[in-house]
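Residues per chain are reported as follows:
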Amino acid sequence: MQHKQYLAVSNIVPATPDTIAQAGALIAAGKLVAFPTETVFGLGADATQGKAVAAIFAVKGRPSINPLIVHVPDVARAEQHALFDARAEELATRFWPGPLTMVLKRRPGSPISELVSAGLDSIAIRVPAHPVARALLAAAGRPIAAPSANRSGRISATTAIHVAEELGERVNLILASGKSQLGLESTIVDLTGPQAVLLRPGAITVEEIEEAIGPVTVGEGDPDRPNAPGQLRRHYAPATKLRLNAAMADPGEALLAFGPNPFAAKHAVKVLNLSDTGDLNEAAANLFSMLRTLDGGGYHSIAVMPIPASGLGIAINDRLARAAAPPDGDSND
Ligand code: TXA
Ligand code: MG
């Protein structure tokens, strides 16, 4: 069984009150802790300690031009670091705690390290819903900067074991708590200007945000000027080539299926189904772990069946398109 191999990873511990207290102390001491959130696992450090934040960039192999999300326990704490207008208040009321990140103007005098926002005068902030993330924030007693817990340019981790595969012993502690419930990174909306801009689609849809604050521009992003999340063409990248919107797997291909359609699997050498019943929530939760599994299988390529482009399907298709883009050397997350 693969089990044994995993038990050898000494820095994974189940999240319990004791290990969470230990993790909080590590964060306060400037160390790195990987922890579960409802979206994906985060690689956390005290956002107010520049050296700890610098260690995140080093461990991920991430260029320090790409800023990090700050995690806080509640709106009141968020307001210590960012300037909230009526739109931000409304979104916080509706969607926090939860999978929404807001990019806001940084509050002058905030103790958050400048490195977190990579020199921008804005700050990306969110209040996570996962009980372990919340307990860790309480134990650490400080804002936690946390990108997804993967090496730069690779798929986000949705289990503690995937974190260990990505980062190994370079992270001081990995809190384990099953599989990420949502499986896709948070929705990011930029409220620094008069017009709200969607920087990254996620579980909170544009429709839900528009219902709360009115029209939102969907940022196309300029892949050569990556100042925003997930706007690099190739971003969530497996090593194996992906073939999207495939009606049928070619001989020798692995198939990432969606919905009840055994026909597309006819020639496939291996099939994983994101959701047999065609449930987008289930598909989102399975996406990164199934891509990871198929990527490790040594297949010529991975055919991916079409995913409906509505609701959560928009975020899933966004991640798939980035994973399928040819390498161009500019991925930096
Ligand atoms: O679900 C999530 O958001 C997870 C969990 C751990 O919270 N975090 C996550 O972080 O996905 P990361 O670093 O992989 O993606 C955050 C993105 C980055 O690509 C970065 O470009 C963008 O957020 N970002 C951070 N601060 C920003 C800012 N001030 N302005 C524009 N974009 C920003
Ligand atoms: Mg990431």
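Chains are numbered independently. Their residues run from 1 in the order of the written sequence. Lettering of chains starts at A and numbering of ligands starts at 1, both following the order in which they are written. At least 70 in pLDDT is required for a residue's local features to be given in this predicted model, at least 80 for side-chain atom pairs to be given and counted, and no such filter applies to totals for whole chains, interfaces and linings, which use all residues. For side-chain calculations, the full set of non-hydrogen atoms in the structure is used, while hydrogens and water are omitted.

## Examining the pattern of salt bridges
Alright, step 1. Within this document, salt bridges are pairs made up of a side-chain nitrogen of Lys or Arg and a carboxyl oxygen of Asp or Glu, the two lying within 4 Å of each other. Under the definition given, this model contains 13 salt bridges.
Alright, step 2. One salt bridge in this structure joins Arg 87 and Asp 85, with 2.8 Å as the shortest N-O distance.
Alright, step 3. Each residue's exposure class comes from its accessible area (1.4 Å probe, protein chains only) as a fraction of the maximum for that residue type: buried when under 20%, exposed when over 50%, partly exposed otherwise. Arg 87 gets classed as buried once you look at its relative accessible area, which sits at 18%.
Alright, step 4. Here Asp 85 falls in the partly exposed class, since its relative accessible area comes to 29%.
Alright, step 5. Where Arg 322 meets Asp 318, a salt bridge forms, and the shortest distance between an N and an O atom there is 2.8 Å. In this pair, Arg 322 and Asp 318 both sit in helix α10 (residues 312-324), four residues apart, roughly one turn of the helix.
Alright, step 6. Classification of Arg 322 as buried rests on a relative accessible area of 15%.
Alright, step 7. When salt bridges that share partners are traced, they join Glu 185, Asp 318, Arg 319 and Arg 322 into one network. Segments assigned H or I by DSSP are reported as helices when at least four residues long, segments assigned E as strands when at least two residues long, and all are numbered from the N terminus.

## Focus on the site of ligand 1
Alright, step 1. Around ligand 1 sit 29 residues in total, of which Thr 39, Asn 66, His 71, Ser 148 and Ser 186 are the nearest.
Alright, step 2. At 2.5 Å, a side-chain N or O of Asn 66 approaches an oxygen atom of ligand 1.
Alright, step 3. The term polar contact refers here to a pair of N or O atoms within 3.5 Å; inside protein, the definition further demands a hydrogen-donor-capable atom paired with an acceptor-capable atom, and it admits residues adjacent in sequence only when both atoms are side-chain atoms. Separating a nitrogen atom of ligand 1 from a side-chain N or O atom of Ser 122 is a distance of 2.9 Å.
Alright, step 4. Computed with a 1.4 Å probe, the accessible areas rest on the Shrake-Rupley method; for each residue, only the protein chains presented here act as cover. When the free accessible area of ligand 1 is taken as 680 Å², the share hidden by the protein chains comes to 99%.
Alright, step 5. Those elements that place two or more of their residues in the shell around ligand 1 are β4 (69-71), β7 (122-126) and β11 (196-200).
Alright, step 6. When residues are sorted by character, Ala, Val, Leu, Ile, Met, Phe, Trp, Tyr, Cys and Pro go into the nonpolar class, Asp, Glu, Lys and Arg into the charged class, and all the rest, Gly among them, into the polar class. Its residues assigned to classes, the shell around ligand 1 shows 15 nonpolar, nine polar and five charged. Here a residue is considered near a molecule or strand provided that any single heavy atom belonging to it is located within 4 Å of it.

## Focus: the pairing of strand β6 (residues 100-106)
Alright, step 1. Burial analysis of β6 places six of its seven residues in the buried class, which makes it a mostly covered element.
Alright, step 2. Paired strands, as defined in this entry, are two strands with at least two bridges between them according to DSSP. Judged from the four bridges that link them, β6 and strand β10 (residues 187-190) form a sheet pairing that is parallel. Bridge pairing in β10 places Leu 100 opposite Thr 187.
Alright, step 3. Alignment of β6 against β7, held across four bridges, turns out to be antiparallel. When the sheet's bridge partners are listed, Met 102 is paired in β7 with Ile 125.

## Points about the domain arrangement of the protein
Alright, step 1. By domain assignment, the protein separates into domain 1 (12-218) and domain 2 (241-324).
Alright, step 2. For the domains described, the bounds stem from an automatic or database domain assignment. Taking only C-alpha atoms, the centre of domain 1 and the centre of domain 2 are 28 Å apart.
Alright, step 3. The term buried area denotes the loss of accessible surface (1.4 Å probe radius) that occurs when two parts are joined, taken as the sum for both partners. Interface of domain 1 and domain 2: buried area, both sides summed, is about 1,400 Å²; carbon and sulfur atoms make up 60% of it.
Alright, step 4. Of all residues in domain 1, the largest losses of buried area upon contact with domain 2 belong to Ile 155, Leu 184 and Pro 201, amounting jointly to 40% of the total for that side.
Alright, step 5. Seen at the junction of domain 1 and domain 2, the total is two salt bridges.
Alright, step 6. Of the charged contacts in the structure, one is a salt bridge between Arg 319 and Glu 185, with a shortest N-O distance of 2.7 Å.
Alright, step 7. Across the contact surface, domain 1 and domain 2 share seven residue pairs in polar contact (both at pLDDT 80 or more).
Alright, step 8. Here the side of domain 1 that touches domain 2 takes three residues from helix α7 (residues 160-167), the largest share from any one element.
Alright, step 9. For the side of domain 1 that touches domain 2, the per-class residue count stands at seven nonpolar, nine polar and six charged.

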